[in-house]
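Remarks on the overall topology
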Amino acid sequence: MSQSEFDLARLLARLDALGDSARDADGVLSRLALSEQDRAGRDLLAGWLRAAGLEVAIDAIGNIFGIWRGEIDAAPLMLGSHIDSVVDAGIYDGCYGVLAGLGVIEALQRNGFEPVFPLVVAAFTNEEGNRYAPDMMGSLVHAGGLALERALATVGSDGTLLGDELRRIGYAGDLPPGAIRPCAYLELHIEQGPMLEHDGIRIGAVENLQGISWQEITIRGVANHAGTTPTRLRCDAGLAAARVATFLRDEIAAGSATTVATVGKLRLHPDVINVIPSRAVLTVDLRDPDAEIFARAEARLAEFLEWLAARDGVEIDCRRLARFEPVNFDPGLVAAVDAAATARGYSCRRMTSGAGHDAQMLARICPAAMIFVPSRDGISHNPREHTAPDDLAAGAAVLLDVTRKLASGSAD
Ligand code: GLV
Ligand code: MN
Ligand code: MN
(Lines give C-alpha, C1' and ligand atoms only; values in the text may rest on other atoms or scores of the structure.)
(Ligands and ions follow the chains in the order given, each with its own letter.)
Protein backbone atom coordinates (compact mmCIF):
# COMPACT_ATOMS: atom_id res chain seq x y z
CA MET A 1 0.00 0.00 0.00
CA SER A 2 1.59 3.27 -1.00
CA GLN A 3 1.99 6.14 1.46
CA SER A 4 -0.47 8.23 -0.57
CA GLU A 5 -3.09 5.65 0.31
CA PHE A 6 -3.10 4.87 4.02
CA ASP A 7 -0.42 6.20 6.38
CA LEU A 8 0.43 3.17 8.50
CA ALA A 9 3.27 4.90 10.36
CA ARG A 10 0.89 7.61 11.53
CA LEU A 11 -1.66 5.02 12.65
CA LEU A 12 0.99 3.18 14.68
CA ALA A 13 2.25 6.41 16.26
CA ARG A 14 -1.28 7.45 17.19
CA LEU A 15 -2.11 4.03 18.68
CA ASP A 16 0.99 4.31 20.87
CA ALA A 17 0.25 7.91 21.85
CA LEU A 18 -3.37 7.13 22.70
CA GLY A 19 -2.25 4.09 24.70
CA ASP A 20 0.40 6.09 26.57
CA SER A 21 -2.13 8.80 27.45
CA ALA A 22 -3.93 6.31 29.71
CA ARG A 23 -1.00 4.63 31.48
CA ASP A 24 -0.42 4.97 35.21
CA ALA A 25 2.97 5.23 36.89
CA ASP A 26 3.38 1.45 36.59
CA GLY A 27 2.64 1.53 32.86
CA VAL A 28 -0.81 -0.03 33.24
CA LEU A 29 -3.30 1.19 30.61
CA SER A 30 -6.87 1.69 31.83
CA ARG A 31 -9.18 4.11 30.04
CA LEU A 32 -12.47 3.46 31.79
CA ALA A 33 -15.40 5.40 30.36
CA LEU A 34 -15.53 9.04 31.49
CA SER A 35 -12.43 8.77 33.66
CA GLU A 36 -9.57 11.28 33.59
CA GLN A 37 -7.79 8.93 31.19
CA ASP A 38 -10.85 8.94 28.94
CA ARG A 39 -10.82 12.73 28.96
CA ALA A 40 -7.14 12.76 27.94
CA GLY A 41 -7.78 10.25 25.13
CA ARG A 42 -10.80 12.20 23.89
CA ASP A 43 -8.77 15.42 23.87
CA LEU A 44 -6.06 13.74 21.80
CA LEU A 45 -8.57 12.30 19.37
CA ALA A 46 -10.51 15.56 18.99
CA GLY A 47 -7.21 17.34 18.24
CA TRP A 48 -6.39 14.83 15.50
CA LEU A 49 -9.89 15.14 14.02
CA ARG A 50 -9.62 18.94 13.92
CA ALA A 51 -6.12 18.79 12.46
CA ALA A 52 -7.57 16.72 9.62
CA GLY A 53 -10.01 19.56 8.92
CA LEU A 54 -13.01 17.63 10.22
CA GLU A 55 -15.88 19.30 12.00
CA VAL A 56 -16.07 17.86 15.51
CA ALA A 57 -19.52 17.28 16.98
CA ILE A 58 -20.26 15.80 20.42
CA ASP A 59 -23.66 14.51 21.41
CA ALA A 60 -25.37 14.48 24.79
CA ILE A 61 -24.04 11.01 25.70
CA GLY A 62 -20.50 12.05 24.78
CA ASN A 63 -20.18 10.28 21.43
CA ILE A 64 -17.57 12.09 19.33
CA PHE A 65 -18.03 12.57 15.58
CA GLY A 66 -15.48 13.92 13.09
CA ILE A 67 -17.42 15.03 10.02
CA TRP A 68 -16.13 15.51 6.49
CA ARG A 69 -18.96 17.16 4.61
CA GLY A 70 -19.52 15.93 1.06
CA GLU A 71 -20.88 17.61 -2.04
CA ILE A 72 -24.44 16.99 -0.98
CA ASP A 73 -26.07 17.12 2.42
CA ALA A 74 -27.17 13.51 2.85
CA ALA A 75 -26.96 10.68 5.35
CA PRO A 76 -23.23 10.04 5.94
CA LEU A 77 -21.18 6.90 5.71
CA MET A 78 -19.92 6.31 9.26
CA LEU A 79 -16.68 4.58 10.28
CA GLY A 80 -16.19 4.05 13.97
CA SER A 81 -15.57 2.18 17.18
CA HIS A 82 -14.64 3.30 20.71
CA ILE A 83 -11.62 4.48 22.69
CA ASP A 84 -12.64 3.52 26.23
CA SER A 85 -10.98 0.36 27.53
CA VAL A 86 -11.23 -2.37 30.12
CA VAL A 87 -9.00 -2.33 33.21
CA ASP A 88 -5.38 -3.21 32.33
CA ALA A 89 -5.95 -3.13 28.57
CA GLY A 90 -3.98 -3.23 25.35
CA ILE A 91 -3.75 -0.41 22.82
CA TYR A 92 -5.79 -1.81 19.90
CA ASP A 93 -9.30 -2.71 21.06
CA GLY A 94 -11.58 0.00 19.66
CA CYS A 95 -8.79 2.56 19.14
CA TYR A 96 -7.72 0.77 15.97
CA GLY A 97 -11.15 1.21 14.36
CA VAL A 98 -11.44 4.89 15.30
CA LEU A 99 -7.91 5.83 14.27
CA ALA A 100 -8.01 3.76 11.08
CA GLY A 101 -11.32 5.47 10.23
CA LEU A 102 -9.59 8.83 10.62
CA GLY A 103 -6.62 7.55 8.58
CA VAL A 104 -8.96 6.45 5.78
CA ILE A 105 -10.50 9.93 5.61
CA GLU A 106 -7.03 11.51 5.58
CA ALA A 107 -5.93 9.16 2.79
CA LEU A 108 -8.99 10.06 0.72
CA GLN A 109 -8.34 13.76 1.31
CA ARG A 110 -4.71 13.38 0.23
CA ASN A 111 -5.82 11.67 -2.97
CA GLY A 112 -8.14 14.55 -3.85
CA PHE A 113 -11.16 12.29 -3.43
CA GLU A 114 -14.45 14.17 -3.33
CA PRO A 115 -17.07 12.21 -1.43
CA VAL A 116 -20.59 12.38 -2.83
CA PHE A 117 -22.02 12.51 0.68
CA PRO A 118 -20.49 13.12 4.13
CA LEU A 119 -18.03 10.76 5.79
CA VAL A 120 -18.01 10.58 9.55
CA VAL A 121 -15.58 8.96 11.98
CA ALA A 122 -17.23 8.12 15.32
CA ALA A 123 -15.90 7.26 18.79
CA PHE A 124 -18.77 5.93 20.88
CA THR A 125 -18.95 6.41 24.65
CA ASN A 126 -18.57 3.50 27.08
CA GLU A 127 -18.36 0.50 24.78
CA GLU A 128 -16.73 -1.67 27.44
CA GLY A 129 -19.29 -1.23 30.18
CA ASN A 130 -16.70 -1.88 32.92
CA ARG A 131 -17.63 1.20 34.91
CA TYR A 132 -21.22 1.73 33.74
CA ALA A 133 -23.50 -1.04 32.41
CA PRO A 134 -24.65 -1.81 29.82
CA ASP A 135 -21.75 -2.05 27.40
CA MET A 136 -22.02 -0.43 23.96
CA MET A 137 -23.94 2.31 25.75
CA GLY A 138 -23.09 5.30 23.54
CA SER A 139 -23.99 3.49 20.33
CA LEU A 140 -27.11 2.02 21.98
CA VAL A 141 -28.31 5.51 22.89
CA HIS A 142 -27.37 6.70 19.39
CA ALA A 143 -29.51 3.93 17.88
CA GLY A 144 -32.48 4.77 20.10
CA GLY A 145 -32.25 1.58 22.19
CA LEU A 146 -31.73 3.35 25.52
CA ALA A 147 -33.18 6.72 26.56
CA LEU A 148 -30.60 9.43 27.16
CA GLU A 149 -32.03 10.25 30.61
CA ARG A 150 -31.69 6.64 31.73
CA ALA A 151 -28.14 6.42 30.42
CA LEU A 152 -27.14 9.64 32.21
CA ALA A 153 -28.68 8.32 35.44
CA THR A 154 -26.57 5.14 35.40
CA VAL A 155 -24.71 4.56 38.68
CA GLY A 156 -21.21 3.21 38.15
CA SER A 157 -19.38 0.40 39.91
CA ASP A 158 -17.58 3.19 41.82
CA GLY A 159 -20.86 4.86 42.87
CA THR A 160 -20.52 7.79 40.44
CA LEU A 161 -23.34 9.06 38.24
CA LEU A 162 -22.60 8.80 34.54
CA GLY A 163 -24.13 12.21 33.71
CA ASP A 164 -21.98 13.93 36.38
CA GLU A 165 -18.81 12.31 35.11
CA LEU A 166 -19.62 13.15 31.50
CA ARG A 167 -20.02 16.84 32.45
CA ARG A 168 -16.95 16.75 34.66
CA ILE A 169 -14.69 15.65 31.81
CA GLY A 170 -16.26 18.23 29.48
CA TYR A 171 -17.85 15.84 27.01
CA ALA A 172 -21.58 16.36 27.58
CA GLY A 173 -22.22 17.77 24.11
CA ASP A 174 -25.30 19.47 22.79
CA LEU A 175 -25.98 17.36 19.70
CA PRO A 176 -29.12 15.25 20.27
CA PRO A 177 -28.22 11.52 20.25
CA GLY A 178 -29.08 9.91 16.94
CA ALA A 179 -29.02 13.24 15.09
CA ILE A 180 -26.38 11.88 12.71
CA ARG A 181 -28.15 8.95 11.12
CA PRO A 182 -25.76 7.14 8.80
CA CYS A 183 -26.59 5.51 5.48
CA ALA A 184 -24.17 2.72 6.45
CA TYR A 185 -21.68 1.89 9.21
CA LEU A 186 -18.34 0.09 8.99
CA GLU A 187 -16.24 -0.95 11.97
CA LEU A 188 -12.69 -2.22 11.69
CA HIS A 189 -11.54 -4.12 14.78
CA ILE A 190 -9.00 -6.63 15.97
CA GLU A 191 -10.53 -10.10 16.17
CA GLN A 192 -9.79 -10.50 19.91
CA GLY A 193 -9.86 -14.27 19.44
CA PRO A 194 -7.65 -17.00 17.95
CA MET A 195 -9.44 -18.02 14.72
CA LEU A 196 -7.80 -15.86 12.05
CA GLU A 197 -4.26 -16.38 13.30
CA HIS A 198 -4.77 -20.10 13.80
CA ASP A 199 -6.04 -20.58 10.25
CA GLY A 200 -3.57 -18.15 8.67
CA ILE A 201 -6.35 -15.83 7.44
CA ARG A 202 -5.73 -12.11 7.08
CA ILE A 203 -9.21 -10.61 7.04
CA GLY A 204 -12.46 -11.58 8.74
CA ALA A 205 -15.65 -10.41 7.04
CA VAL A 206 -17.93 -10.43 10.07
CA GLU A 207 -21.38 -11.77 9.25
CA ASN A 208 -22.95 -11.87 12.69
CA LEU A 209 -22.35 -11.31 16.38
CA GLN A 210 -23.41 -13.46 19.29
CA GLY A 211 -26.02 -12.67 21.91
CA ILE A 212 -24.66 -11.23 25.16
CA SER A 213 -26.28 -11.54 28.59
CA TRP A 214 -24.81 -9.86 31.68
CA GLN A 215 -26.17 -10.46 35.18
CA GLU A 216 -25.05 -9.62 38.68
CA ILE A 217 -25.95 -12.36 41.14
CA THR A 218 -26.10 -11.71 44.88
CA ILE A 219 -26.08 -14.74 47.18
CA ARG A 220 -26.85 -14.33 50.88
CA GLY A 221 -25.83 -16.93 53.45
CA VAL A 222 -24.92 -16.70 57.14
CA ALA A 223 -21.54 -15.55 58.46
CA ASN A 224 -20.21 -17.93 61.06
CA HIS A 225 -17.04 -19.19 62.68
CA ALA A 226 -14.78 -21.09 60.23
CA GLY A 227 -13.49 -23.41 62.97
CA THR A 228 -16.52 -24.22 65.03
CA THR A 229 -19.32 -24.55 62.49
CA PRO A 230 -19.75 -28.14 61.28
CA THR A 231 -20.05 -28.53 57.51
CA ARG A 232 -23.65 -29.72 57.74
CA LEU A 233 -24.70 -26.54 59.58
CA ARG A 234 -23.14 -24.04 57.17
CA CYS A 235 -24.98 -21.61 54.96
CA ASP A 236 -22.00 -20.60 52.83
CA ALA A 237 -22.55 -17.91 50.20
CA GLY A 238 -19.00 -18.36 48.89
CA LEU A 239 -19.53 -22.06 48.25
CA ALA A 240 -22.80 -21.33 46.45
CA ALA A 241 -20.97 -18.79 44.24
CA ALA A 242 -18.39 -21.44 43.38
CA ARG A 243 -21.21 -23.82 42.45
CA VAL A 244 -22.58 -21.21 40.03
CA ALA A 245 -19.18 -20.92 38.33
CA THR A 246 -18.76 -24.67 37.96
CA PHE A 247 -22.35 -25.12 36.77
CA LEU A 248 -21.70 -22.58 34.00
CA ARG A 249 -18.58 -24.43 32.84
CA ASP A 250 -19.65 -28.03 33.41
CA GLU A 251 -23.30 -27.86 32.38
CA ILE A 252 -23.88 -24.78 30.23
CA ALA A 253 -20.63 -24.33 28.29
CA ALA A 254 -19.75 -28.03 28.19
CA GLY A 255 -23.12 -28.87 26.66
CA SER A 256 -22.75 -26.62 23.62
CA ALA A 257 -19.95 -26.03 21.13
CA THR A 258 -20.85 -22.36 20.90
CA THR A 259 -21.93 -21.16 24.35
CA VAL A 260 -19.35 -19.36 26.48
CA ALA A 261 -19.82 -18.29 30.10
CA THR A 262 -17.60 -16.27 32.40
CA VAL A 263 -17.65 -15.30 36.06
CA GLY A 264 -15.43 -12.21 35.78
CA LYS A 265 -16.17 -10.57 39.13
CA LEU A 266 -16.58 -12.21 42.52
CA ARG A 267 -16.66 -10.43 45.85
CA LEU A 268 -17.11 -12.19 49.17
CA HIS A 269 -18.20 -10.59 52.44
CA PRO A 270 -16.83 -10.12 54.97
CA ASP A 271 -13.85 -11.40 52.96
CA VAL A 272 -11.67 -12.66 55.79
CA ILE A 273 -9.94 -15.96 56.35
CA ASN A 274 -11.85 -17.35 59.31
CA VAL A 275 -15.44 -16.34 58.57
CA ILE A 276 -17.85 -18.31 56.38
CA PRO A 277 -18.96 -15.78 53.72
CA SER A 278 -22.33 -14.20 54.42
CA ARG A 279 -22.59 -12.69 50.98
CA ALA A 280 -21.19 -13.29 47.51
CA VAL A 281 -21.68 -10.93 44.59
CA LEU A 282 -20.64 -12.30 41.22
CA THR A 283 -21.17 -11.44 37.58
CA VAL A 284 -22.14 -13.80 34.77
CA ASP A 285 -21.30 -13.04 31.14
CA LEU A 286 -23.13 -15.56 28.94
CA ARG A 287 -22.95 -15.60 25.12
CA ASP A 288 -24.12 -17.62 22.15
CA PRO A 289 -24.68 -16.76 18.46
CA ASP A 290 -27.90 -18.79 18.26
CA ALA A 291 -30.94 -17.02 19.73
CA GLU A 292 -32.60 -20.25 20.90
CA ILE A 293 -29.52 -21.78 22.49
CA PHE A 294 -28.79 -18.38 24.08
CA ALA A 295 -32.26 -18.15 25.62
CA ARG A 296 -32.15 -21.79 26.78
CA ALA A 297 -28.80 -21.26 28.49
CA GLU A 298 -30.20 -18.28 30.38
CA ALA A 299 -33.28 -20.26 31.38
CA ARG A 300 -31.17 -23.18 32.62
CA LEU A 301 -29.07 -20.84 34.73
CA ALA A 302 -32.23 -19.34 36.25
CA GLU A 303 -33.54 -22.85 37.09
CA PHE A 304 -30.21 -23.81 38.62
CA LEU A 305 -30.16 -20.72 40.82
CA GLU A 306 -33.63 -21.57 42.12
CA TRP A 307 -32.53 -25.13 42.86
CA LEU A 308 -29.31 -23.95 44.50
CA ALA A 309 -31.12 -21.49 46.76
CA ALA A 310 -33.35 -24.28 48.04
CA ARG A 311 -30.57 -26.85 48.36
CA ASP A 312 -27.94 -24.68 50.07
CA GLY A 313 -30.42 -22.59 52.07
CA VAL A 314 -29.15 -19.32 50.60
CA GLU A 315 -31.06 -16.37 49.15
CA ILE A 316 -30.28 -15.49 45.55
CA ASP A 317 -31.16 -12.28 43.67
CA CYS A 318 -30.31 -11.50 40.07
CA ARG A 319 -29.89 -8.06 38.55
CA ARG A 320 -29.76 -7.81 34.78
CA LEU A 321 -26.97 -5.52 33.60
CA ALA A 322 -27.27 -6.04 29.84
CA ARG A 323 -28.97 -8.30 27.33
CA PHE A 324 -28.49 -8.12 23.59
CA GLU A 325 -29.83 -10.62 21.06
CA PRO A 326 -27.52 -12.07 18.39
CA VAL A 327 -27.16 -9.72 15.41
CA ASN A 328 -26.79 -10.38 11.68
CA PHE A 329 -24.86 -7.81 9.69
CA ASP A 330 -25.90 -6.50 6.27
CA PRO A 331 -25.18 -9.17 3.64
CA GLY A 332 -24.39 -6.60 0.94
CA LEU A 333 -21.82 -4.83 3.12
CA VAL A 334 -20.30 -8.13 4.26
CA ALA A 335 -19.95 -9.12 0.60
CA ALA A 336 -18.30 -5.76 -0.12
CA VAL A 337 -15.75 -6.40 2.64
CA ASP A 338 -15.10 -9.90 1.32
CA ALA A 339 -14.71 -8.63 -2.27
CA ALA A 340 -12.39 -5.80 -1.23
CA ALA A 341 -10.16 -8.19 0.72
CA THR A 342 -10.05 -10.67 -2.14
CA ALA A 343 -9.26 -7.93 -4.67
CA ARG A 344 -6.25 -6.96 -2.53
CA GLY A 345 -5.11 -10.58 -2.54
CA TYR A 346 -5.81 -11.08 1.18
CA SER A 347 -7.21 -14.35 2.42
CA CYS A 348 -10.65 -13.70 3.86
CA ARG A 349 -13.09 -15.67 6.00
CA ARG A 350 -16.73 -15.03 6.85
CA MET A 351 -16.99 -15.22 10.63
CA THR A 352 -18.96 -14.57 13.82
CA SER A 353 -17.89 -11.95 16.33
CA GLY A 354 -17.47 -13.31 19.82
CA ALA A 355 -17.11 -9.81 21.26
CA GLY A 356 -19.74 -7.13 21.50
CA HIS A 357 -19.23 -4.08 19.29
CA ASP A 358 -20.82 -0.72 18.55
CA ALA A 359 -21.62 -2.10 15.07
CA GLN A 360 -24.32 -4.31 16.61
CA MET A 361 -26.16 -1.20 17.80
CA LEU A 362 -25.68 0.69 14.55
CA ALA A 363 -27.11 -2.37 12.75
CA ARG A 364 -30.47 -1.39 14.29
CA ILE A 365 -30.63 1.81 12.23
CA CYS A 366 -28.57 1.22 9.07
CA PRO A 367 -26.71 -1.46 7.11
CA ALA A 368 -23.63 -2.32 9.16
CA ALA A 369 -20.65 -4.66 8.89
CA MET A 370 -17.28 -5.28 10.47
CA ILE A 371 -13.76 -6.10 9.32
CA PHE A 372 -11.53 -8.18 11.60
CA VAL A 373 -7.74 -8.60 11.58
CA PRO A 374 -5.81 -11.28 13.52
CA SER A 375 -4.94 -10.98 17.20
CA ARG A 376 -1.62 -12.52 18.21
CA ASP A 377 -2.23 -15.65 20.31
CA GLY A 378 -5.92 -14.69 20.32
CA ILE A 379 -5.24 -12.42 23.31
CA SER A 380 -7.34 -9.34 24.07
CA HIS A 381 -8.58 -7.39 27.10
CA ASN A 382 -5.00 -7.83 28.22
CA PRO A 383 -1.89 -5.62 27.84
CA ARG A 384 -0.39 -8.39 25.65
CA GLU A 385 -2.98 -7.63 22.96
CA HIS A 386 -1.08 -7.30 19.67
CA THR A 387 -1.75 -7.22 15.95
CA ALA A 388 1.14 -7.18 13.46
CA PRO A 389 1.57 -3.90 11.54
CA ASP A 390 1.07 -5.73 8.22
CA ASP A 391 -2.29 -6.99 9.43
CA LEU A 392 -3.27 -3.54 10.71
CA ALA A 393 -2.36 -2.20 7.26
CA ALA A 394 -4.39 -4.92 5.51
CA GLY A 395 -7.49 -4.14 7.57
CA ALA A 396 -7.08 -0.41 6.91
CA ALA A 397 -6.70 -1.07 3.17
CA VAL A 398 -9.95 -3.01 3.11
CA LEU A 399 -11.70 -0.27 5.07
CA LEU A 400 -10.29 2.31 2.65
CA ASP A 401 -11.43 0.38 -0.42
CA VAL A 402 -14.96 -0.27 0.83
CA THR A 403 -15.27 3.34 2.00
CA ARG A 404 -14.04 4.69 -1.34
CA LYS A 405 -16.47 2.50 -3.19
CA LEU A 406 -19.47 3.42 -1.05
CA ALA A 407 -18.59 7.12 -0.83
CA SER A 408 -18.18 7.48 -4.57
CA GLY A 409 -21.76 6.31 -4.98
CA SER A 410 -20.63 3.25 -6.91
CA ALA A 411 -23.52 0.83 -7.14
CA ASP A 412 -21.59 -2.36 -7.91
C1 GLV B 1 -16.77 -5.97 24.64
O2 GLV B 1 -15.56 -5.81 24.62
C3 GLV B 1 -17.30 -7.26 25.02
O4 GLV B 1 -17.45 -7.50 26.22
O5 GLV B 1 -17.50 -8.09 24.13
MN1 MN C 1 -13.82 -3.15 21.16
MN1 MN D 1 -13.25 -4.64 24.44
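Predicted, not measured: the structure shown is a model, and the values here were computed from it.

About the cut-offs
- Residues numbered from 1 in each chain as written.
- Chains lettered and ligands numbered in written order.
- Predicted model: local features only at pLDDT ≥ 70, side-chain atom pairs only at ≥ 80, totals over all residues.
- Heavy atoms only, no water.
- Helix = DSSP H or I, 4+ residues; strand = E, 2+ residues; numbered from the N terminus.
- Expected span 1.5 Å × (residues − 1).
- Buried < 20%, exposed > 50% of the residue type's maximum accessible area, 1.4 Å probe, protein only.
- Arc of directions from axis to C-beta.
- Contact = heavy atoms within 4.5 Å.
- Disulfide = S-S within 2.5 Å.
- Core = buried A, V, L, I, M, F, W, Y, C linked by side-chain atoms within 4.5 Å.
- Donors = N, O, S within 2.8 Å, 3.2 Å for Na, K, Ca; no water.
- Near = heavy atom within 4 Å.
- Polar contact = N/O pair within 3.5 Å; in protein donor to acceptor, adjacent residues only side chain to side chain.
- Areas by Shrake-Rupley, 256 points an atom, 1.4 Å probe, with all protein chains shown as cover.
- Nonpolar A, V, L, I, M, F, W, Y, C, P; charged D, E, K, R; others polar.
- Domains from an automatic or database assignment.
- Buried area = accessible area lost by both parts, 1.4 Å probe.
- Salt bridge = Lys/Arg side-chain N within 4 Å of Asp/Glu carboxyl O.
- Axes fitted to C-alpha atoms, helices over the stretch in contact; angles between N-to-C directions.
- Parallel < 35°, antiparallel > 145°, perpendicular 65-115°, else oblique.
- Left-handed = near helix turned anticlockwise from the far one by under 90°.
- Pairing = 2+ DSSP bridges.

1. Brief notes about helix H2 (residues 36-51)
- For H2, with 16 residues, the first-to-last C-alpha span of 23 Å sits near the 22 Å given by 1.5 Å per residue.
- The complete set of buried residues in H2 reads Asp38, Gly41, Arg42, Leu45, Ala46, Trp48 and Leu49. Viewed end-on, H2 has its buried residues packed into an arc of 160 degrees, placing them on one side of the element. Away from its buried face by more than 90 degrees, H2 exposes Arg50 and Ala51.
- At its buried positions, H2 is contacted by helix H1 (8-20), strand E1 (55-58), strand E2 (64-68), helix H3 (95-110) and strand E4 (119-124).
- Two residues or fewer past H2, Gly53 is found with a positive phi of approximately 80 degrees.

2. Regarding the state of the cysteines
- The final tally for this structure, using the stated rule, is zero disulfides.
- Here Cys235 stays free of any disulfide, with the sulfur of Cys318 as its closest cysteine sulfur at 17 Å.
- Sulfur of Cys366: no disulfide; nearest cysteine sulfur belongs to Cys183 and is 7.5 Å away.
- Note on Cys366: relative accessible area 8%, which makes it buried.

3. Comments concerning the nonpolar core
- Counting 109 residues, the largest nonpolar core has Phe65, Met78, Phe329 and Val398 as the members making the most contacts within it.
- The residues touching Met78, leaving out its near neighbours within four places in the chain, are Phe65, Val120, Ala122, Phe124, His142, Ile180, Pro182, Ala184, Tyr185, Leu186 and Leu362.
- In this structure, Cys235, Ala297, Ala309 and Val314 belong to the second largest nonpolar core, which totals 22 residues.

4. What to know about the coordination of the manganese ion (ligand 2)
- Protein coordination at the manganese ion (ligand 2) comes from His82 (NE2), Asp93 (OD) and His189 (NE2), with a distance range of 2.0 to 2.3 Å.
- Between consecutive donors of the manganese ion (ligand 2), the numbers of intervening residues give the motif H-x10-D-x95-H.
- Under the relative-accessibility criterion, Asp93 is labelled buried at 8%.
- Given a relative accessible area of 1%, His189 falls into the buried group.

5. Description of the environment of Val121
- Checked against the element boundaries, Val121 lands in strand E4.
- Spatially, the C-alpha atom of Val121 lies 35 Å from that of Glu292, the residues being 171 residues apart in sequence.
- Those residues within four positions of Val121 in sequence are excluded, and the remaining contacts are Leu49, Leu54, Ile64, Phe65, Gly66, Leu79, Val98, Gly101, Leu102 and Ile105.

6. Looking at the site of ligand 1
- Surveying the vicinity of ligand 1 reveals the residues Glu127, Glu128, Arg287, Ala355, Gly356 and His381.
- Between an oxygen atom of ligand 1 and a side-chain N or O atom of Glu128, the distance comes to 2.9 Å.
- Contact between ligand 1 and Arg287: an oxygen atom at 2.7 Å from a side-chain N or O atom of the residue.
- When ligand 1 is considered free in solution it has 200 Å² of accessible area, and contact with the protein chains removes 94% of it.
- Grouping the amino acids of the shell around ligand 1 by side-chain chemistry returns one nonpolar, two polar and three charged.

7. Comments concerning the domain arrangement of the protein chain
- Segmenting the protein chain into domains produces domain 1 (8-210 + 327-407) and domain 2 (211-324).
- Inter-centroid distance (C-alpha atoms) of domain 1 to domain 2 is 33 Å.
- Between domain 1 and domain 2, the residue contacts involve 18 residues of the former and 12 residues of the latter.
- Contact between domain 1 and domain 2 buries roughly 930 Å² in total, counting both sides, with carbon and sulfur atoms accounting for 62%.
- In terms of surface lost to domain 2, no three residues of domain 1 exceed Ala133, Asp135 and Gln210, which account for 52% of the buried area on that side.
- On the surface where domain 1 and domain 2 come into contact, there are zero salt bridges.
- Linking domain 1 to domain 2 there are one residue pair in polar contact (both at pLDDT 80 or more).
- Among the elements of the structure, strand E6 (203-209) and helix H11 (358-362) are those that each provide at least two residues to the side of domain 1 that touches domain 2.
- Residues belonging to the side of domain 1 that touches domain 2 are distributed by class as follows: seven nonpolar, eight polar and three charged.

8. Some thoughts on the coordination of the manganese ion (ligand 3)
- Listed as protein donors to the manganese ion (ligand 3) are Asp93 (OD), Glu128 (OE), Glu128 (OE) and His381 (NE2); their distances from the metal cover 2.0 to 2.7 Å.
- Separating the manganese ion (ligand 3) from the manganese ion (ligand 2) is a gap of 3.6 Å, bridged by Asp93, which donates to each. Of this pair, Asp93 sits in the loop between strand E3 (77-82) and H3 while His381 sits in the loop between strand E16 (368-373) and helix H12 (389-407), and the two are 288 residues apart along the sequence.

9. Notes on the packing of H2 against H3
- For the pair H2 and H3, interaxial distance at closest approach is 10 Å and the crossing angle is 15 degrees. Regarding the angle of H2 to H3, the classification is roughly parallel. Like other packed secondary-structure pairs, H2 and H3 cross with a definite hand, here left-handed. Contact with H2, carried on its side by Leu45, Trp48 and Leu49, involves Val98, Leu99 and Leu102 of H3 and no other residues of that element.
- In terms of residue class, the contact of H2 with H3 is built from six nonpolar, no polar and no charged.

10. Re the pairing of strand E5 (residues 184-190)
- Burial within E5 is extensive, with seven of its seven residues counted as buried.
- Both E3 and E5 contribute to a ladder of three bridges, which runs parallel. Each bridged residue has a counterpart across the sheet, and for Leu79 the counterpart in E5 is Leu186.
- Direction of pairing for E5 relative to E16: parallel, over a ladder of six bridges. Pairing of Leu186 across the sheet is with Ala369, part of E16.

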